[in-house]
Structures are given as C-alpha cells and as structure tokens.
Amino acid sequence: MECLLEVKGLQTAQLGPLDLCLQPGELVQITGASGSGKSLLLRAIADLDPSAGAVRLAGQDRGDVLPPDWRRQVAYVPAETAWWAPEVAEHLPVGWQKEQALAWLERVSLPAEALDWEIERLSSGERQRLGLLRALLNRPRVLLLDEPTANLDLENTRRLERAVRSYLADSGAAALWVSHDTLQRGRLGGRIVELRAGRLVP
Amino acid sequence: MTVISLSAWDLAAASLLVIGLAGVTLWARLGVGRSLLIAAVRTVLQLLLVGLVLQALFDHARLGLVALMALVMVAIAGYEVMARQERRFAGVWGYGIGAVTMFVSAFVVTVLALTTMIGPTPWWEPQYAIPLLGMLLGNTMTGIALGLDRLTQTVWRERRIIEGRLALGENWISATATMRREAARSGLMPTINAMAAAGVVSLPGMMTGQILAGVPPVEAVKYQILIMFLISAGTGFGALGAVWLASKRLFDERSRLRLDRLRPGRRG
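What comes next concerns the included structure. Keep in mind the model is a prediction, meaning the values are calculated, not measured.

## Remarks on the overall build of chain A
No. 1: Regarding its fold elements, chain A presents six helices and 10 strands.
No. 2: Its C-alpha atoms give chain A a radius of gyration of 16 Å, within 12% of the compact-globule value 17 Å for 202 residues.
No. 3: Taken along its principal axes, the extent of the C-alpha atoms in chain A is 45 × 40 × 30 Å.
No. 4: Partitioning the intrachain contacts of chain A with sequence separation of at least 6 by distance along the chain shows that 71% fall at a separation of at least 24.
No. 5: Surface accessibility of chain A: about 8900 Å² in total, with carbon and sulfur atoms responsible for 47%.

## Things to note about the overall build of chain B
No. 1: Helices and strands together make up the secondary structure of chain B, namely 10 helices and two strands.
No. 2: If one aligns the C-alpha atoms of chain B with their principal axes, the spans along those axes are about 70 × 50 × 35 Å.
No. 3: Burial statistics for chain B: of 268 residues in total, 38% are counted as buried.
No. 4: Long-range contacts, defined here as pairs at least 24 residues apart, represent 71% of the contacts in chain B between residues at least 6 apart.
No. 5: Carbon and sulfur atoms form 69% of the exposed surface of chain B, whose accessible area is close to 14900 Å².
No. 6: Computed over 25 positive and 14 negative side-chain charges, the separation of the two mean positions in chain B equals 7 Å.

## Topic: helix α1 (residues 8-27) of chain B
No. 1: Across its 20 residues, α1 of chain B extends 29 Å between first and last C-alpha, which sits within 8% of the 28 Å expected from 1.5 Å per residue.
No. 2: Backbone geometry just downstream of α1 of chain B places Arg 29 of chain B in the positive-phi region, at approximately 55°.

## Section: unusual backbone geometry
No. 1: Omega for the bond connecting Thr 121 of chain B with Pro 122 of chain B falls within 30 degrees of zero, at -15°, which places this linkage in the cis form.
No. 2: One can find Pro 122 of chain B in the loop between α4 (92-118) and α5 (126-157).
No. 3: Even without being glycine, Ala 58 of chain A reaches a positive phi, approximately 45°.
No. 4: Of note, Ala 58 of chain A is situated in the loop between β4 (52-57) and β5 (60-61).
No. 5: A positive phi is found at Arg 139 of chain A, a non-glycine position, where the angle reads about 50°.
No. 6: Tracing the sequence through the fold places Arg 139 of chain A in the loop between α4 (124-136) and β7 (142-146).

## So, the sheet that holds strand β3 (residues 27-31) of chain A
Pairing between the strands of a sheet comes from backbone hydrogen bonds, and it takes one of two forms, parallel or antiparallel.
Residues and elements named next belong to chain A.
No. 1: Strands sit in the order β6-β7-β8-β3-β9-β10 across an open sheet of six strands; the sheet is mixed. Edge positions in the open sheet fall to β6 (74-77) and β10 (199-201), since each of these has one partner strand only. Direction aside, the axes of adjacent strands within the sheet are offset by 20° on average.
No. 2: Where β7 meets strand β8 (residues 174-178), five bridges bridge the pair, whose relative direction is parallel. Bridging across to β8, Leu 143 finds its partner in Ala 175.
No. 3: The sheet contacts of helix α5 (residues 154-171) involve β3, β7 and β8, and relative to β8 the element is tilted by about 155°.

## Overview of the interface of chain A and chain B
No. 1: On the chain B side, the residues contacting the 26 residues of chain A number 15 residues.
No. 2: In total, about 1700 Å² of surface goes out of reach between chain A and chain B, with carbon and sulfur atoms giving 53% of it.
No. 3: Of all residues in chain A, Leu 48, Arg 71 and Trp 84 of chain A give up the largest surface area on contact with chain B, accounting jointly for 35% of the area buried on that side.
No. 4: When the shortest N-O distance is used, the salt bridge between Glu 80 of chain A and Arg 160 of chain B registers 3.8 Å.

## Let's talk about the pattern of salt bridges
No. 1: Overall, the coordinates contain 23 salt bridges over all chains when judged by the stated rule.
No. 2: As a salt-bridge pair, Glu 219 of chain B and Lys 222 of chain B come within 3.2 Å of each other at their nearest N and O atoms. Here Lys 222 of chain B and Glu 219 of chain B lie together in helix α10 (residues 217-249), a separation of three residues that amounts to about one turn.
No. 3: With a relative accessible area of 36%, Glu 219 of chain B lands in the partly exposed category.
No. 4: Salt bridges sharing common partners tie together Asp 47 of chain A together with Asp 252, Glu 253, Arg 254, Arg 256, Arg 258 and Asp 260 of chain B.

## Focus on empty space enclosed by the protein
Any empty space left between the atoms is revealed when a probe the size of a water molecule rolls over them.
No. 1: A full pass over the atoms with the stated rule returns three cavities of 30 Å³ or more.
No. 2: Size it by volume and the largest cavity reaches roughly 70 Å³.
No. 3: Lining the largest cavity, in full, are Tyr 76, Val 77, Pro 78, Thr 81, Gly 131, Arg 134 and Ala 135 of chain A together with Gly 164, Ala 167 and Leu 168 of chain B.
No. 4: Of all elements in the fold, only β6 and α4 of chain A together with α6 (159-167) of chain B reach the threshold of two or more residues within the lining of the largest cavity.
No. 5: Here the lining of the largest cavity takes three residues from α4 of chain A, the largest share from any one element.
No. 6: For the lining of the largest cavity, a count of residues per class yields six nonpolar, three polar and one charged.
No. 7: Lining the second largest cavity are Gln 85, Arg 87, Arg 88, Phe 89, Trp 93, Gly 94, Ile 97, Leu 148 and Thr 152 of chain B.

## Things to note about the environment of Thr 43 of chain B
No. 1: Note that Thr 43 of chain B resides in helix α2 (residues 33-59).
No. 2: Sequence spacing of Thr 43 of chain B and Glu 170 of chain B is 127 residues, and the spatial spacing of their C-alpha atoms is 48 Å.

## Let's talk about the layout of surface pockets
All names here are of chain B.
No. 1: Of the volumes computed, that of the largest pocket is approximately 940 Å³.
No. 2: Forming the walls of the largest pocket are 22 residues, and the residues nearest its centre are Gln 46, Leu 47, Val 50, Met 73 and Ile 76.
No. 3: Elements that contribute at least two residues to the lining of the largest pocket include exactly α2, α3 (63-83) and α5.
No. 4: In terms of residue count, α2 provides more of the lining of the largest pocket than any other element does, nine residues in total.
No. 5: Of the residues assigned to the lining of the largest pocket, the class counts are 15 nonpolar, four polar and three charged.

## Considerations on the state of the cysteines
Residue and element names in this part refer to chain A.
No. 1: Within this structure, the stated rule accounts for one disulfide over all chains.
No. 2: Each sulfur in the disulfide pair Cys 3 and Cys 21 lies 2.0 Å from the other. Because the torsion about its S-S bond is -115°, the bridge between Cys 3 and Cys 21 counts as left-handed. Linking Cys 3 in the segment before β1 (5-11) with Cys 21 in strand β2 (residues 18-22), this pair joins segments that are 18 residues apart in sequence.
No. 3: On the accessibility criterion, Cys 3 (17% relative accessible area) is buried.

Parameters and conventions
Residues numbered from 1 in each chain as written. Chains lettered and ligands numbered in written order. Predicted model: local features only at pLDDT ≥ 70, side-chain atom pairs only at ≥ 80, totals over all residues. Heavy atoms only, no water. Helix = DSSP H or I, 4+ residues; strand = E, 2+ residues; numbered from the N terminus. Rg over C-alpha atoms; globule rule 2.2 N^0.38 Å. Contact = heavy atoms within 4.5 Å. Areas by Shrake-Rupley, 256 points an atom, 1.4 Å probe, with all protein chains shown as cover. Buried < 20%, exposed > 50% of the residue type's maximum accessible area, 1.4 Å probe, protein only. Lys, Arg positive; Asp, Glu negative; His and termini not counted. Charge placed at Lys NZ, Arg CZ, Asp CG, Glu CD. Expected span 1.5 Å × (residues − 1). Pairing = 2+ DSSP bridges. Axes fitted to C-alpha atoms, helices over the stretch in contact; angles between N-to-C directions. Buried area = accessible area lost by both parts, 1.4 Å probe. Salt bridge = Lys/Arg side-chain N within 4 Å of Asp/Glu carboxyl O. 1 Å grid on protein atoms, 1.4 Å probe; cavity = no way out; pocket = protein on both sides within 12 Å on 5 of 7 lines; lining within 4 Å. Points joined across faces, edges and corners; volume = space filled by probe spheres on them. Nonpolar A, V, L, I, M, F, W, Y, C, P; charged D, E, K, R; others polar. Disulfide = S-S within 2.5 Å.

Right, dumping it as structure tokens:
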C-alpha cells in the first residue's frame, strides 16, 4: 500500500538518516529515551527545522508545497501549546468555520462557549485539547503529536486520545504520537517504533 | 561675538564630576564604574582625534577626502550598532544589517539635504557635510540599534509562539507582525520624544552650540528644525529597514525560524 506520509533518508545534525512510512488512518507511536530526538524528528517532518532527505505527502514532495500549506497538512502539536492573544477564538487558524469548531469542541468534551474563554483561565487540560482542536481545524492529513498528554491527568489524557482516534477514523489521516507512558502505549495500540541514537528501530 | 575658549583646567574640573559619579556607582555596586570611566576616556580621545581630523579636512577640502571620512564614519557606526546587540547575527549579517541601513538612511538623507536644502558650494563642503552626517549617524544608530535589539530579543523570547503560529499555517510575516511593529516603534520612539520635547524640555545640542558660537537664535532654530526632520526621517526609515531585513534573516526560504543565526553578543 502506498504511504500517506513517506520519509526517506531524513537527516538533521542530530538525526538519521531515517525512513518512515505512515499508512492512511494509521497511528504510529514513537518512543525513546529523553534527548533521543523525538521532538526533533517531528519538527523536521513539519519543516520547522531544516533537514535533508525526502518527505512526501501522498506522493507529493515537501519542496513542491509552500511551507504554510505543508504545515497545515502535516500538523505539529507541541507538548506545551503556545498562546499569544487574550481569547481562544483568536488562536484559531485563518478561515476556520464555526460549525466545524463547535463539532470538534464537543468531541474534545468542551462546551461551545470555550471559543470565548480567556487564555489566562484555561487549565492545562483545556489548553492541550484546544491546542489539538485548532490544529484539527486545518483538516491535517498527518498529525505530529509531541507528548500531547504530558501534563494531563488520566481523564483529560483519555479525552484527548479519543479525540485523536476519532479524527483519524473519520478523515483517514495518520498520526505520529510521541509518548513516554507505557500505559498509554497499550491504550493507543498500533505500531511502535523506537528512536535510538538517531535511528528508528521497530 | 566670540567664543570663550576653554582651558585644559576647565575640562579637568568637569572630569572630576565624572570621576565622582564613577566613585558613587562603584560604592553602590552598579557594575558600571569601569565602563563609565572607559567611555569618558574614549570621549576625550575620540573627540580630540576628530577635532584634528576635521581641522585637516577643512584646510584641505577635497571631495575624495570628505567621502572617505564619511565612509569611515558609517563603517564605525555600523560596528557600534552591532556592539549594542544582546544577540547579534552570525557572520557578515551582524555587521551588515546595521551598516547597510545606516548607509541608506543617514548617508542618503545627508546627501539629499546638502544638495537640495542647505546647498553649500561645493555641495560636499566639509563644514556642513561632516557635522550633518555625524548628527544623523548618531541618532539613526540609536534608533536602528534599539529596533534590532528589541526584535531579536522578542523573537528569542517568543520563539514558541512564533513556531506555534507557523505550525498552524501562518507565514513568517504574519507570525511576527506584532513583534516587528513593536521593534520598529521602539526604534522610532527616541526621535519622536526628542521632537515632541524639543525646546520645551531640552534645548537641542546643535542649536545650543550655534547659539554659544554667536549665531542669532532664529537662525539656529531653523537649522535645528531642519536637522530634527532629517533625523526623524533617517531614523525612521533606517529602523524600519533594519527591522525588516533582520526579521527576513531570522527565517529561511522555507519560513523556518532560524535562531541558530543569532549569536550571544554584549552581556553574554
């Protein structure tokens, strides 16, 4: 089967060369000791850090896609989401649609008013779920999740896991999920690869 | 009217004030006593040197010499801008951004003013050209250095926000819009404040100098107004240009934030 996301010979100062193939709808977990470069790998795929080698989305080379378009389709969600304006709605991507946002709010267990909430008063669980939500509003085809549940309690963790799973099932998107947590590994399922000394080992 | 000539003793008396200040800062452990004294010594040496150079230039007024002097001044101002950055660009950019924008703003504005407004003969008459360029450089240097410093500091501090916005599909221009605006504003503020306060709070240096030298106040005021306008235009365009160039340099062709292009500068 053809890869949705294909990484070939990806190399940065600390990583690679490494290859990776994500099938449509697939969730692949990345593990590895801290400092093994898991975040660097996601950042390189999202084109936030320079890297050599080929990265293709549904056969299309990254170099042929404008960077903003690439990052909307291959969405990087960091462990700690960044906020820069007073209210939630100001952080949603350009061209977001109300119905879509409301539908997603429900699926991450947040009320419709959440769009008007002040950032200052968000809990870390709300921040992470809203951070995922705003990335999903771009309808990404690949999600790069960098320990999205690192600061969350179990309840919020499971909400986020369910939201990602249902997005993948609906959209056929694939996800790379960096996780530390062995219990989470079992819950999420799917293929698990380890990043060791800059290389991926199955 | 003649100017009262200052003796070496007069200057020595003034220097006691600076030494006293250095003593106090030392006592208060502000950690600037040393740089204060070095700066004071530099003032004396540099000004004496420039006095001699100017005298020589006035005695042998030639376009080539004036141009050489002007280029040296721009080159040194470019270095000063770089030295004032807490984080500077690696390689030639660290020097280049300041020097190029200063050349475009201060140098071009000076030539424009000489040829179209003041109109001495020849237009590069050193008595006009050199002080004018000096005043413009002194002010644009501050504006450009402030603007650049603010930009690199904010971008450094808010790198997570910038990358968060890039990751959501914004380009670097919109992801840094507020930071660039803020940086340009901080470069322009000193000039705007100086214009707003001119004559009310402070008597500008050049006007004061002309009045001390016996020029009728109204003539001195006209010159001061001209200079203020030139300074604000030079500083404004210089700061805008420098902030634009620097923010462009902070991102590469794939719109990636490249903080690796910055090096720690002053104060580590």
